[in-house]
Amino acid sequence: MESLNSHKKNHFMKQIVLTFILVVSSLSSYAQSGVERKQLFDYDWKFFLGDASKAKTSDFNDTSWQSLDLPHDWSIEGRVNPKNPTKGAGGYFPAGIGWYRKTFQAPDAWKTEKIAIYFEGVYMNSEVFINGKSLGVHPYGYTSFSYDLTPYLNFGKENVIAVRVDNSQHVNSRWYSGSGIYRHVWMMVTNPVHVAQWGAAITTPVVSAKKATVQVKTWVKNETSSVQRIVVKTILWNKSSKNAGNGQTQIELPANSEKEITQILTVSNPMLWTPETPYLYQAQIQVLQDKKVLDDTKTNFGIRSIKFTVENGFQLNGKTVKINGGCVHHENGCLGSAAFDRAEERKIQLLKAGGFNAVRTSHNPPSEAFLDACDRLGLLVMDESFDCWKVGKNPNDYSKYFNEWWQRDLDAMVLRDRNHPSIFIWSIGNEIPERGKPDAVKTASMMIDELKKMDATRPVTSAIVENGKDWTIMDSLMVVHDVAGYNYHLFAAPTDHQRVPSRMIVQTESYPKDAFVNWKLVQDNSYVLGDFVWTAIDYLGEAGIGRTFYSGETPGENWDNDMFPIHAAYCGDIDLIGWRKPISHYRSMLYNDNEKLYMAVREPEPEPLEIKETWWSVWPTWESWTWHGFEGRSINVEVYSKYPKVRLYQDNKLVGEQATSRDQQFKATFAVPYSAGQLKAVGIENGKEMESIVLQTAGDAAKIKLTADRKEMTANGQDLIFVTVEITDKNGVIQPNAANRLQFKMDGPGVIAGVDNANIKDLDPYVSNSRKAWKGRALVVIKSTHNVGEIKLTVISADLKEATIKMNTKGNK
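A brief look at the structure comes next. For clarity, every value in this text was computed on a predicted model and none was experimentally measured.

1. A word on the overall build of the protein chain
Inference 1: Counting its regular elements, the protein chain contains eight helices and 49 strands.
Inference 2: Over its C-alpha trace the protein chain gives a radius of gyration of 27 Å, about what one expects of a compact globule, namely 28 Å for 813 residues.
Inference 3: On the principal axes, the C-alpha backbone points of the protein chain span a range of 90 × 65 × 55 Å.
Inference 4: By the burial criterion, 62% of the 813 residues in the protein chain qualify as buried.
Inference 5: By sequence separation, contacts in the protein chain at least 24 residues apart represent 72% of the contacts at least 6 residues apart.
Inference 6: A total of about 30600 Å² of accessible surface is found on the protein chain, and carbon and sulfur atoms cover 48% of it.

Okay, structure coming up:
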């Protein structure tokens, strides 16, 4: 990885009031001199699950190996089994050692260029070989890295890249990690005089409605043996591809050197980036010599200012924004950790639809596609580096590598990500075991000093949890952070504020059931920036957290107490197939005004059994008025409302009217004797019925309904369409008790990449052509091939009429 040590200077001096105004960006590839600077290297790999020590050599015969494209996660392709070494923490999935190989031509045109291979993420302990030569080992599975290939290539001939991935030592991550080259791989082809890797940093000293002063810092490398006289030219483009500002600087680069260039540009009448209006500009940075373009990059960026104060909390472009955040893990449900661009984009769309305005990347840096989607769609990000420091939580976690690797991995996160407009705060850790001890303060200060050399425009936090002792023992650790991160401790904020009035607080994790009380603390206290619930979306691993259970079943939710067959977490607002649970609608309603009325039914207890809750659970609640066997029994119906009052009707007869103001936590509960029929909730304002929502008892399962999130995808071998399967009665009402076995058949240029139903106890494989429905739903993920044409998915189930849906693939631009 290319070093940018020369850019580090001017330590950020901490102040009680932190003001950061910046323009932020995301480096992308651009064609120059007929050679693509950044070339996708995902296709036509060979894979072998197991160790093969001779596979690093060029003449190794890999014809019997599996052929595949990246990104790839071999763990999700295996079967969940209690004997697998990942245990409940990793969802009982298989892991082990795997090898990847790719044979490629290095054209003669590359002889005068610098060639590097760039891995966005490999889990974990990867060793990369080129033509039998080891390029290095990279332990951490969540950071990006690259190697210079130039000295080892055979130009005009075949070359072989081999990658050994060792995910055999467990437990090493919280939670599901996946295994393999699970993010993109790129071949970087540049002139020996070029912009350094991650070598652009764009900030703005001043932002106003009339103009923004844009500061562009560029690190240029001269990897030749002679002095180079060059021009660095920067052009800013708006959304309409019109020039919004430009500048150029002449410099002299000594042989084998790197130099920082600072340019000040002005954008008139700037469009500001916000979650509601995520406006992106583009910066084009060119390196020229004698009017010839040596290097050419383009960078998407957004103009915005951020400010943090005790008096006004977090302000974006001068306006206070309260954070309604959710924690997420990096995997994508039935796709495992494979970071397909469309899966990452869909995840952000689900979060936005769920009412969130921020996400915490717990507990590791995310994929580039994830951050690009946050920039493009408008979602604020807390970017987090590590789950532990020097003291580990599991036998084989990052603590084994921290002392040797923390600086390289922290640099990789910050230098790669610092230019994304969506990132508003950094996190350097989560529930560090040594918290409360002097060494934790020393380590935190060390990392913060390093981080601020790279980016002084954002505050730094880490997630701190109570350790069974006096909470105030954490003060010494919190004070070295710009913002104090509280896990499950926001109730202490008012008293903490009296003790430490300069402290700004964000709740980095919270229990789902505490939505209202946390919302109230956020709203009522300016020094509380917001709340991140644990979690926004269900995830593989940490088996059992968020579960409810019946009396007589194994109690608790601790993954360490063998919860098999449970192999995933159920504490998310959104489940594994993308369905919003009732708690999602309630939380969104607290923070937003786009949804004002929602109704769900609390699951009745099947006497004599009782439903038992756990710390991270909420009472199982469903969009259903189908409760056969409970006729005549009283069932609680919940109505969430931003109207002053609500009415509930059963079969058009008034059940009652209740207030749903802040004093009632925007919620009404009606006890209704169950009988098949209809429930209708109505929002009341000034005595008038304004809006209604209906739940209808479902009849017997009769039909299969298929809904695709898109009708067309790109034929690039990586694009995805998510198809929701619903079992309904003859009238189209979802049958919530349907558990039909579904068979999936594909015709045309598409393959089934994954299947799911959100049931965290279901042991069916996630890569399959069959799945049972759960609560009347299932999900099929279709991946494109490299061919264009019509795709048809057929879903078959006994006693139900088969259903088909057609989609198309289009040419890859």
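Moving on, there is more to tell.
2. Let's talk about the packing of aromatic side chains
Inference 1: Applying the stated criterion across every chain, the model contains 41 aromatic pairs.
Inference 2: Centroid distance Trp519 to Phe666: 5.7 Å. Interplanar angle 85 degrees. Geometry classified as edge-to-face. Of the two residues, Trp519 sits in helix α7 (residues 515-524) while Phe666 sits in the loop between β37 (653-659) and β38 (667-673), which places them 147 residues apart along the sequence.
Inference 3: Here a set of aromatic residues connected by ring pairs shows up, and it is made of Tyr123, Tyr140, Tyr142, Phe386, Tyr398, Phe402 and Trp406.
Inference 4: The cationic tip of Lys102 hangs over the ring face of Phe41; the distance from NZ or CZ to the ring centre is 4.8 Å.
Inference 5: Between the NZ or CZ atom of Lys775 and the centre of the ring of Trp622, over which it lies, the distance is 4.5 Å.

3. Details of the packing of helix α1 (residues 341-353) against helix α2 (residues 368-377)
Inference 1: Here α1 crosses α2 at 45 degrees, and the two axes come no closer than 8 Å. As the angle between them shows, α1 and α2 are arranged oblique. Where α1 crosses over α2, the handedness of that crossing is right-handed. Contact residues: α1 offers Asp341, Glu344, Glu345, Lys347, Ile348, Gln349 and Lys352, while α2 offers Ala369, Phe370, Ala373, Cys374, Arg376 and Leu377.
Inference 2: Among the residues making up the contact of α1 with α2, the classes are represented as six nonpolar, one polar and six charged.

4. What about the packing of α7 against helix α8 (residues 582-591)?
Packed helices, taken two at a time, are described by their axes: the angle between them and the distance between them.
Inference 1: It is at 10 Å that the axes of α7 and α8 come closest, and there the two elements cross at 20 degrees. Regarding the angle of α7 to α8, the classification is roughly parallel. For the crossing formed where α7 meets α8, the hand is right-handed. Across the interface between the two elements, Ala515, Phe516, Asn518, Trp519, Val522 and Gln523 of α7 pack against Ile583, Tyr586, Arg587, Leu590 and Tyr591 of α8.

5. Describing the layout of surface pockets
Inference 1: Taken as a whole, the second largest pocket spans an internal volume of roughly 900 Å³.
Inference 2: Along the wall of the second largest pocket there are 41 residues; nearest its centre are Thr548, Tyr570, Val618, Trp619 and Pro620.
Inference 3: Mapped by element, the contributors of at least two residues to the lining of the second largest pocket are α7, β31 (549-550), α8, β34 (621-622) and β35 (634-641).
Inference 4: Looking at the lining of the second largest pocket residue by residue, the classes come out as 22 nonpolar, seven polar and 12 charged.

6. Description of the pattern of salt bridges
Inference 1: Counted under the stated rule, the structure contains 46 salt bridges.
Inference 2: Put simply, Glu345 and Arg376 hold a salt bridge, and the shortest N to O gap is 2.9 Å. Pair noted here: Glu345 is in helix α1 and Arg376 is in helix α2, with a separation of 31 residues, a long-range link.
Inference 3: Overlapping salt bridges, with partners in common, bring together Arg174, Asp387, Lys393 and Glu431 in one network.

7. Regarding empty space enclosed by the protein
Inference 1: Tallied over the entire structure, the rule returns five cavities of 30 Å³ or more.
Inference 2: Taken as a whole, the largest cavity holds about 210 Å³ of empty space.
Inference 3: Lining the largest cavity are 20 residues, with Glu331, Asn332, Gly333, Arg346 and Ile537 sitting closest to its centre.
Inference 4: Elements with a minimum of two residues in the lining of the largest cavity: α1 and β47 (777-784).
Inference 5: It is α1 that provides the largest number of residues to the lining of the largest cavity, a total of four residues.
Inference 6: In this structure, the second largest cavity occupies an estimated 180 Å³ of space.

8. A word on the nonpolar core
Generally speaking, nonpolar side chains in soluble globular proteins are found buried as a group.
Inference 1: In this structure, Phe314, Leu351, Trp389, Tyr398, Leu410, Ile428 and Trp534 are the most contacted members of the largest nonpolar core, which totals 109 residues.
Inference 2: Counting residues per element, this core draws most heavily on helix α3 (residues 402-417), at eight residues.
Inference 3: When neighbours within four sequence positions are excluded, Ile428 is seen to be in contact with Ser385, Phe386, Trp389, Leu410, Ala444, Met447, Ile448, Leu451, Val460, Thr461, Ser462 and His481.
Inference 4: Grouped together as the second largest cluster of nonpolar side chains are 47 residues, Val80, Ile566, Val639 and Phe722 included.

9. Some details on the pairing of β38
Inference 1: Taking every second residue as pointing to the same face, the buried face of β38 carries Ala668, Phe670 and Val672, while none of Lys667, Thr669, Ala671 and Pro673 on the other face is buried.
Inference 2: Judged from the seven bridges that link them, β35 and β38 form a sheet pairing that is antiparallel. Paired with Tyr640 across the two strands is Lys667, which belongs to β38.

10. Some thoughts on the sheet that holds strand β13 (residues 185-190)
Hydrogen bonds between backbone groups are what pair the strands of a sheet, and the pairing can be parallel or antiparallel.
Inference 1: Read across the open sheet, the four strands follow the order β4-β13-β8-β11; overall the sheet is antiparallel. Two strands in the sheet have a free side with no partner beyond their single neighbour: β4 (38-40) and β11 (145-148). The sheet shows a mean angle of 25 degrees between the axes of neighbouring strands, direction not considered.
Inference 2: As paired strands, β4 and β13 are joined by three bridges and run antiparallel to one another. Across the sheet, the residue bridging to Gln39 is Met187, located in β13.

11. Side note on α8
Note: α-helices contain 3.6 residues per turn, so residues at a spacing of three or four share the same orientation.
Inference 1: By the criterion of burial, α8 is predominantly enclosed, with 10 of the 10 residues buried.
Inference 2: Of all the residues in α8, the buried ones are Pro582, Ile583, Ser584, His585, Tyr586, Arg587, Ser588, Met589, Leu590 and Tyr591.

12. Some words on the side chain of Arg580
Inference 1: Inspection of the secondary structure puts Arg580 in the loop between β31 and α8.
Inference 2: In terms of polar contacts, Arg580 uses its side chain to reach the backbone carbonyl oxygen of Ala353, at 3.1 Å.

13. Notes on the sheet that holds strand β36 (residues 645-650)
Inference 1: Taking strand neighbours across the sheet as the criterion, the four strands line up as β37-β36-β39-β40 in an open arrangement whose pairing is antiparallel. Two strands bound the open sheet, and with one partner strand each, they are β37 and β40 (688-696). The mean angle between the axes of side-by-side strands here comes to 20 degrees, regardless of whether they run parallel or antiparallel.

14. What to know about the environment of Ala798
Inference 1: By the secondary structure assignment, Ala798 is in the loop between β48 (789-797) and β49 (800-810).
Inference 2: Residues Ala798 and Gln743, 55 residues apart in the sequence, show an inter-C-alpha distance of 9.4 Å.

Calculation criteria
Residues numbered from 1 in each chain as written. Predicted model: local features only at pLDDT ≥ 70, side-chain atom pairs only at ≥ 80, totals over all residues. Heavy atoms only, no water. Helix = DSSP H or I, 4+ residues; strand = E, 2+ residues; numbered from the N terminus. Rg over C-alpha atoms; globule rule 2.2 N^0.38 Å. Buried < 20%, exposed > 50% of the residue type's maximum accessible area, 1.4 Å probe, protein only. Contact = heavy atoms within 4.5 Å. Areas by Shrake-Rupley, 256 points an atom, 1.4 Å probe, with all protein chains shown as cover. Phe/Tyr/Trp six-rings, centres within 6.5 Å; stacked < 30°, edge-to-face > 60°. Lys NZ or Arg CZ within 6 Å of the ring centre and 35° of its normal. Axes fitted to C-alpha atoms, helices over the stretch in contact; angles between N-to-C directions. Parallel < 35°, antiparallel > 145°, perpendicular 65-115°, else oblique. Left-handed = near helix turned anticlockwise from the far one by under 90°. Nonpolar A, V, L, I, M, F, W, Y, C, P; charged D, E, K, R; others polar. 1 Å grid on protein atoms, 1.4 Å probe; cavity = no way out; pocket = protein on both sides within 12 Å on 5 of 7 lines; lining within 4 Å. Points joined across faces, edges and corners; volume = space filled by probe spheres on them. Salt bridge = Lys/Arg side-chain N within 4 Å of Asp/Glu carboxyl O. Core = buried A, V, L, I, M, F, W, Y, C linked by side-chain atoms within 4.5 Å. Pairing = 2+ DSSP bridges. Polar contact = N/O pair within 3.5 Å; in protein donor to acceptor, adjacent residues only side chain to side chain.

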